[in-house]
Amino acid sequence: MTDGEPETLGPGPLEPRPLENEALENEALELGLISRTGEFSAYPPIADYGFLSDCEVTALVAPSGAIEWMCLPRMDCPSLFGAILDRSAGSFRFGPEDVEVPADRRYLPGTMVLETSWDCGEGWIVVRDCLVMGPWRHEHPGHTKHIRPPTDYDSEHILLRTVRCVQGSVQLALDCEPVFGYGMQRAQWSRPNGGYYQAVATAEDTLPVTLTSDIRFGLEGSAARGRTLLREGDTRFCALSWGSRPPPKNYKDADKRLTWTAHHWQHWLARGNFPDHRWRSHLTRSALTLKGLSFAPTGAISAAATTSLPETPRGERNWDYRYSWIRDATFALWGLYTLGFDWEANDYFAYVADLAERDGGNLQIVYGIDGTADLTERVLDHLQGYQDARPVRIGNAAYQQRQNDVWGTVLESVYLHTKSRDRLDERIWQVVKQQVEHALDNWREPDRGIWEIRGEPKHFTSSKVMCWVAADRGARLAKLRDDHDVARMWRKAANEIHADICANALDDRGVFCQHYDTTALDASLLLMPLLRFLPPEDPRIRATVLAIADELTRDGLVLRYRVTETDDGLAGEEGTFTICTFWLVSALAEIGEQRRARDLCEKVLSYASPLLLYAEEIDPRSGRHLGNFPQAFTHLALINAVMHVISDEQAARRQLLAGEAAVIPWQA
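The sections below set out a description of the structure shown in this document.

What counts and how
Residues numbered from 1 in each chain as written. Predicted model: local features only at pLDDT ≥ 70, side-chain atom pairs only at ≥ 80, totals over all residues. Heavy atoms only, no water. Helix = DSSP H or I, 4+ residues; strand = E, 2+ residues; numbered from the N terminus. Polar contact = N/O pair within 3.5 Å; in protein donor to acceptor, adjacent residues only side chain to side chain. Contact = heavy atoms within 4.5 Å. Buried < 20%, exposed > 50% of the residue type's maximum accessible area, 1.4 Å probe, protein only. Pairing = 2+ DSSP bridges. Salt bridge = Lys/Arg side-chain N within 4 Å of Asp/Glu carboxyl O.

1. Section: the side chain of Asp320
Reasoning step 1: When you line up the elements, Asp320 lands in the loop between β18 (300-301) and β19 (324-325).
Reasoning step 2: Reaching out from Asp320, the side chain makes a polar contact with the side chain of Arg322 at a distance of 2.9 Å.
Reasoning step 3: From its side chain, Asp320 meets the backbone nitrogen of Gly395 in a polar contact 3.0 Å long.
Reasoning step 4: Once you skip the residues sitting within four places of it in the chain, Asp320 turns out to touch Thr306, Thr307, Ser308, Trp325, Arg393, Ile394, Gly395 and Asn396.

What follows is the structure in structure tokens.
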């Protein structure tokens, strides 16, 4: 200490204590507890967000009660609330004034209605949030963008929030600050009807939104703010609307619409076929999440609700996942048909078939949820990024990549769809022929693989396998149509591809490798037993699955590949991919490792968010979720893995009851 400087006794009781050394600082950075500047992060953990949907728009709700991600008028449009990517990019909080950590959060059972309970010291309140669903109101097809068959329900284009004071008294705050265009355009408010209870927010060339409430609110610059004291039994609501449907007029009307929405989701879920099992809640939440990520007008399923949530803390592996990948079709149909949601499976299949027909069979790997082909990638330099992770991207350059697995995913989807209907009409047969021919013309060529690497193209084994799937399923479908000449021709081609893979993709141990020029492992090869490339008992399949389980994992969770062994064109590490861990569960079950499959399934289910949601990746050291959220691919793989384990349990139980087994296998 120099002369004239006041003595410092250390940080005060409310000041953060400096980190002792660089190792501790790096650990705190990795865990996301502090930002790059060393200050504690203002961003909630990714897994702590709640997810809302009306099958056109999605929203993420932070634990504080703030909507921090919402795009209009579709989930892949510019954000209105974008605080998850920059704290100044807009949010909408509705909750107690001085408390930001809730006592409890849950979904109303079987719904997409989020309920948050707050203990505020002098009182308790309960807030419920939803994107409103209502009855179908379109009288003319030309007045709607729906191209799938109409149903009995539709989005009302209203974000609804209600509150009830259940005990004591609580000061309630309403803070709505939309920032249009990914945080670029501050809202301008007006009161078209006068009074304190409604206002309209606009910006140039944007969709206006109307805030309605039974709370008096004022306008402060680009924000609408209201405060009111609630006492036991008091209720209030607020609604943000952007369509032709009028917002609720009062709390009674708001509560009626919320109840209708809750009943809609429960009725939808009741159509499913869920086993009576301790993991049923994971299956039902995954089904609801997949439905929430679907875009009702076209039947597409978005890969995730967000863009640019980082796969690596503060890293560059930040992508826009608000689009529909064709390869998701196979996994979507596996999951949806398994759980009995044939309508949704058929709608998604129709979306893919429409694109194949429109584009003459030359399918991209990914499209916009409305079928848009151009997904030009751009960087939003003005946004800070989640916990300083940059760049923030919109669009996805992968739409221009060559990925030879796309034809196989379409054929597997057609095959599953046909098995569910036991017929193959002429329109779909034309799609089949186009896709098989593309696969046979291109299977010998290198590509960028299932993981969309941005390095040099390679002869990826998984891509070759999917070309085999295209020929194999094509031959089966041709036989179904009694087109035996075509079936023989495609069967011969399938056998040729199969032999090529077995000759070039195996290492000295008899393990299938990532591509023809490496001995590196790749988690995508866990799909080989699921796709029946070889029987599960084949020693090469067993060796591959066990090698991945033992050598491509961290703390039992599976990596896509090791970044030191794969030229993916990017820097930095990444977390374990949760979809790959669920694939390992299914593959272990397939090769007869039931106990290991069950134990791993139980482990990865324990990593679910408090609301049973999953991001793309998990950091095995901290358990924190990484990547875009919630992730459709992960929930699809969860359904398949859980159903594998449950099926094995049920089979073992039947054997035990029949007296054919002395013990259940995993107890041996």
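2. Points about the pairing of strand β16 (residues 235-241)
Reasoning step 1: For β16, the buried fraction is high: six of the seven residues fall into the buried class.
Reasoning step 2: The sheet contact formed by strand β9 (residues 153-177) and β16 spans seven bridges and is antiparallel. Considered in β16, the bridge of Leu159 is made with Leu240.
Reasoning step 3: Where strand β13 (residues 209-213) lies against β16, four bridges are found, and the strand directions are antiparallel. When the sheet's bridge partners are listed, Leu211 is paired in β16 with Leu240.

3. Regarding the pattern of salt bridges
Working definition: two side chains of opposite charge can pair if their charged atoms are close together.
Reasoning step 1: One pass over the structure, following the stated rule, counts 42 salt bridges.
Reasoning step 2: Ionic pairing is found between Asp175 and Arg227, a salt bridge with its closest N-O pair at 3.4 Å. With Asp175 in strand β9 and Arg227 in strand β15 (residues 223-231), this pair connects stretches of sequence that are 52 residues apart.
Reasoning step 3: Look at the salt bridges and you will find they share partners, linking Glu97, Asp175, Glu177, Arg186, Glu220, Arg225 and Arg227 into a network.

4. Considerations on the sheet that holds strand β25 (residues 576-577)
Reasoning step 1: The strand order across the open sheet built from three strands is β25-β26-β27, with neighbouring strands paired in antiparallel fashion. The open sheet has two free edges, formed respectively by β25 and β27 (625-626), since each of these has just one partner strand.
Reasoning step 2: Sheet topology places strand β26 (residues 617-618) next to β27; two bridges connect them, and they run antiparallel. Paired with Glu617 across the bridge in β27 is Leu626.

5. Here we look at the side chain of Ser241
Reasoning step 1: Structurally, Ser241 can be placed in strand β16.
Reasoning step 2: Classification of Ser241 as buried rests on a relative accessible area of 6%.
Reasoning step 3: Once residues within four sequence positions are removed from consideration, Ser241 is found in contact with His157, Ile158, Pro208, Val209, Thr210 and Pro247.

Remember, this is a structural readout, not a statement about activity or role.
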